[in-house]
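Chain by chain, the residues run as shown.
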Amino acid sequence: MAGLYSLHHLRGLGFSAVVLEAGAGVGGTWYWNRYPGARCDVPSLEYSYGFSDELQQEWEWSEVFPGQEELERYFNHVADRFDLRRDIRLNTRVARAVFDEHRAVWTLTSDAGDDVTARFVVMATGPLSAPSTPDIPGRDRFQGLVLQTSRWPRTEPDLAGKRVGLIGTGSSGVQSTPELAAVVGHLYVFQRTPTYTWPSHNGPLDAEVQAEWKRDYAEQRRRQRETPGGVTGSTGAIILQGPGRKPILESTEAERVSMLEERGWDASRAWSDVAIDPEANEMGCELFREMVRRTVRDPETAESLSPRGYPIGCKRPVIDTDYFATFNRDNVTLVDLRRGGIESVTETGIQTEQGHFDLDVIVFATGFDAMTGSLSRIDIRGREGVALRDLWVDGPRTYLGLQMVGFPNLFTISGPGSPSVLANMVVCSEQHVEWIGACLAYARDHGFTTVEPTPEAQDAWVDHVNQVAEGTMFTSTTCNSWYLGANIPGKPRVFLPYVAGLPAYIERAEAIAASGYEGFVVG
Ligand code: N01
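What counts and how
Residues numbered from 1 in each chain as written. Predicted model: local features only at pLDDT ≥ 70, side-chain atom pairs only at ≥ 80, totals over all residues. Heavy atoms only, no water. Disulfide = S-S within 2.5 Å. Helix = DSSP H or I, 4+ residues; strand = E, 2+ residues; numbered from the N terminus. Buried < 20%, exposed > 50% of the residue type's maximum accessible area, 1.4 Å probe, protein only. Pairing = 2+ DSSP bridges. Axes fitted to C-alpha atoms, helices over the stretch in contact; angles between N-to-C directions. Near = heavy atom within 4 Å. Polar contact = N/O pair within 3.5 Å; in protein donor to acceptor, adjacent residues only side chain to side chain. Nonpolar A, V, L, I, M, F, W, Y, C, P; charged D, E, K, R; others polar. Core = buried A, V, L, I, M, F, W, Y, C linked by side-chain atoms within 4.5 Å. Contact = heavy atoms within 4.5 Å. Phe/Tyr/Trp six-rings, centres within 6.5 Å; stacked < 30°, edge-to-face > 60°. Lys NZ or Arg CZ within 6 Å of the ring centre and 35° of its normal. Arc of directions from axis to C-beta.

A closer look at the state of the cysteines
(1) Moving on: Tallying each qualifying case throughout the model produces one disulfide.
(2) Moving on: One disulfide bridge connects C314 with C479, the sulfur atoms lying 2.1 Å from each other. Judged by the sign of its S-S torsion, about 85 degrees, the cystine formed by C314 and C479 is right-handed. Highlighted residues: C314 in the loop between α10 (299–305) and β11 (318–320) and C479 in the loop between α15 (455–469) and α16 (502–514), separated in sequence by 165 residues.
(3) Moving on: Between C428, a free cysteine, and C40, which holds the nearest cysteine sulfur, the sulfur-to-sulfur gap is 12 Å.
(4) Moving on: The class of C428 is buried, set by a relative accessible area of 4%.
(5) Moving on: C439 carries a free sulfur, and the closest cysteine sulfur to it, the one in C428, is 18 Å from it.

Okay, here's the thing in structure tokens:
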């Protein structure tokens, strides 16, 4: 989504631009993540571009939360509608990016050896696009089919009647579980950590809500940028109900039971203190576990599915359709890896400390090397040939999540140190594209050739990003999430996105631009 808009916007500013895209089609995340049940957790009316009123007036969303197929269709429509394809080179994975200090240009080299030279480079490579697959012994020995949710084949594999093992219970695993269960012979869900997941209450989009948004899009887009998560919450989507006013720490048992009856799964978060107080949070977790017990018939399975030992709000909330109820099906087995972990993959299945599971198919839903992975997988060389991945060995350092010292004219969209994955990615992408476009036009119009942050500005920003994350549930000592890099062996534990919210971020970024790019050397 960031690449398509970058091309359109930079063309409009009079730049010549080309997009290099690893996939065989456009859509980014929604091109690759085509697993059964893949769906966005931001409402469709909010998860769409606001840069063109014609586009938002003509496009009709069908569901409250858009599914992968609809999103991929939307991004293809955008590519056609704005005549973007003529400047997009598909099947082109960038392997290397090298800065030439004398000429102040970058040379990008694809893995096929083709070069592109450019004054400016915009990395629209996505914060969740570098898949992470665990290094389980014997992985290559398996004789059956191996699938990965984030690399699901374009031709739907025939899973009917098959014994399928699904590893991972994050968003991807949770979304695919009910869909897989409906078609496979038997589904084994290998769970290492139980998940807090709430029902999406997805359904057809109300025509009146859509018409109302169409009458009022300009105002809605403005409001998006004024809310911390870039989501106004005015589409009627239930996931967005905010916390209530009452602290759970001051509640009686009768009040908590009554909240469960009234709000169901949402009861766990319906209090003013659950997001900020660890003790209150644990009481919210207990309400969540009570819902698991009420939903899952087998008590042992319910206990295994009940998250413990880490707070609600540490990880990105997952939203689902019928996840827990799926474990009541006869053809679904939860394999609780805390009772005995995976030892190896064999020719015929998965060997655990609890025994062997015979399988025809293994599905990895094991997540991503988030925020830095898509950048560090490219050999990016800045001034004096220094590699970005070496500089980031103790964690990423950026100014505004937009640029790095030593890498002039290279910009990152939704990079580490920006709100990115903590906010609506379309709103974040549009804001970054527009900021970068204005910066490039400024440099061009003033006859400057390079833009690069100062070390002082970058250091101060990194300190600020770390400081605002302190004391939140995200950085709780019991929290291990991809936001912290904790899912990747050896990755430094650093909170990657900027947690203070979009309005504070946008205000700062715009003030910096208005001041003539304070903290950047433009020369
Ligand atoms: O990845 P994850 P994801 N053995 O990292 C498990 C976005 N997204 O692709 O927690 C066994 O969340 C791992 O276990 P543990 C969204 O931002 C959005 O699901 O490390 N298990 C975990 O259960 C989301 O947060 C949407 O103990 C292993 C799972 O794999 C982000 O992408 C949909 C293992 C990975 O979960 C990532 O979600 C999909 C091993 N060796 C994704 N290694 C929507 O818009 C890992 N795991 C709704």
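What follows picks up the thread again.
Some details on unusual backbone geometry
Among all residues save glycine, negative phi is the norm, and among peptide bonds the norm is trans.
(1) Moving on: Residues other than glycine seldom take positive phi values, yet D83 does so here, at roughly 55 degrees.
(2) Moving on: Counting through the fold element by element, D83 comes out in the loop between α4 (68–81) and β2 (88–89).
(3) Moving on: The exposure class of D83 is partly exposed, given its relative accessible area of 40%.
(4) Moving on: The backbone phi angle of L400 is positive, close to 65 degrees, even though this residue is not glycine.
(5) Moving on: Checked against the element boundaries, L400 lands in the loop between α13 (388–391) and β18 (410–412).
(6) Moving on: Overall, L400 belongs to the buried group, its relative accessible area being 0%.

Brief notes about the pairing of strand β5 (residues 115–118)
(1) Moving on: Pairing analysis gives four bridges linking strand β4 (residues 105–110) to β5, with the strands arranged antiparallel. The residue of β5 that forms the bridge with T109 is D115.
(2) Moving on: Connecting the antiparallel pair β4 and β5 is a turn made up of four residues, with G113 showing a positive phi of about 95 degrees.

So, the sheet that holds β5
(1) Moving on: Taking strand neighbours across the sheet as the criterion, the four strands line up as β5-β4-β3-β17 in an open arrangement whose pairing is mixed. Both outer strands of the open sheet, β5 and β17 (379–381), are each paired with one neighbouring strand and no more. Put simply, the sheet's adjacent strands are angled 15 degrees from each other on average, direction ignored.
(2) Moving on: Where strand β3 (residues 94–100) lies against β17, three bridges are found, and the strand directions are parallel. Paired with V98 across the bridge in β17 is R381.

With respect to the pairing of strand β16 (residues 361–364)
Remark: a regular strand shows side chains that alternate across the two faces of the sheet.
(1) Moving on: Of the two faces of β16, the one lined by V361 and V363 and the one lined by I362 and F364 are each fully buried.
(2) Moving on: Direction of pairing for strand β7 (residues 145–148) relative to β16: parallel, over a ladder of four bridges. Within β16, the position partnered with L147 by the bridge is V363.

Quick look at the site of the ligand
(1) Moving on: Around the ligand sit 23 residues, and of these T169, S172, R192, T193 and R316 come closest.
(2) Moving on: Within the contact set of the ligand, an oxygen atom lies 3.2 Å away from a backbone nitrogen or oxygen of D41.
(3) Moving on: Measuring from an oxygen atom of the ligand, one finds a backbone N or O atom of S171 at 2.9 Å.
(4) Moving on: Ranked by residue count, the leading element in the shell around the ligand is helix α5 (residues 171–183), at three residues.
(5) Moving on: Considered class by class, the residues forming the shell around the ligand number nine nonpolar, nine polar and five charged.

Regarding the nonpolar core
Looking at soluble globular proteins, one finds that nonpolar side chains tend to be buried together.
(1) Moving on: Counting residues in hydrophobic clusters, the biggest one holds 118 residues, and the most contacted among them are L4, Y47, Y49, L187, L400, W435 and F520.
(2) Moving on: Not counting the four nearest positions on each side in its chain, L187 is found in contact with V164, L166, T177, L180, A181, N331, V332 and T333.
(3) Moving on: In terms of nonpolar packing, the next biggest core, distinct from the first, is built from 16 residues, V94, A104, V121 and L388 among them.

Considering the environment of D394
(1) Moving on: Among the structural elements, D394 can be located in the loop between α13 and β18.
(2) Moving on: Separated by 202 residues in the primary sequence, D394 and R192 have C-alpha atoms spaced 27 Å apart.

Let's talk about the packing of aromatic side chains
(1) Moving on: Tallied over the entire structure, the rule returns 38 aromatic pairs.
(2) Moving on: Consider the rings of Y74 and F75, whose centres lie 5.2 Å apart with planes at 70 degrees: the pair is edge-to-face. Considered together, Y74 and F75 belong to a single accessibility category, that of buried residues.
(3) Moving on: With a centroid separation of 4.9 Å and 55 degrees between ring planes, the pair formed by Y442 and Y517 is classed as tilted. Remark: Y517 occurs in the loop between α16 and β20 (520–522) and Y442 occurs in helix α14 (residues 425–445); sequence separation between them is 75 residues.
(4) Moving on: Judged by its relative accessible area of 25%, Y442 is partly exposed.
(5) Moving on: Among the aromatic residues, those joined into a cluster by ring pairs are Y5, Y49, F51, W59, W61, Y74, F75 and F82.
(6) Moving on: Here the guanidinium or amino end of R81 rests over the ring plane of F82, the centre of that ring lying 5.1 Å away.
(7) Moving on: The ring centre of F15 lies 4.4 Å from the NZ or CZ of R444, which sits over that ring.

Notes on helix α8 (residues 253–263)
(1) Moving on: When α8 is considered as a whole, its buried residues turn out to be R256, M259 and L260. Seen along its axis, α8 keeps its buried residues to an arc of 100 degrees; they face one direction. Exposed residues lying more than 90 degrees from the buried face of α8 are A254, E261 and E262.
(2) Moving on: G264 sits one or two positions beyond α8 and adopts a positive phi of about 60 degrees.

Some words on the sheet that holds strand β15 (residues 355–358)
(1) Moving on: Strands sit in the order β13-β14-β15 across an open sheet of three strands; the sheet is antiparallel. Of all the strands in the sheet, the pair left with one neighbour each is β13 (342–345) and β15. Each strand axis lies, on average, 20 degrees off the axis of its neighbour in the sheet, ignoring direction.
(2) Moving on: As defined by bridge partners, strand β14 (residues 349–352) adjoins β15 across four bridges and the pair is classed as antiparallel. Each bridged residue has a counterpart across the sheet, and for Q351 the counterpart in β15 is H356.

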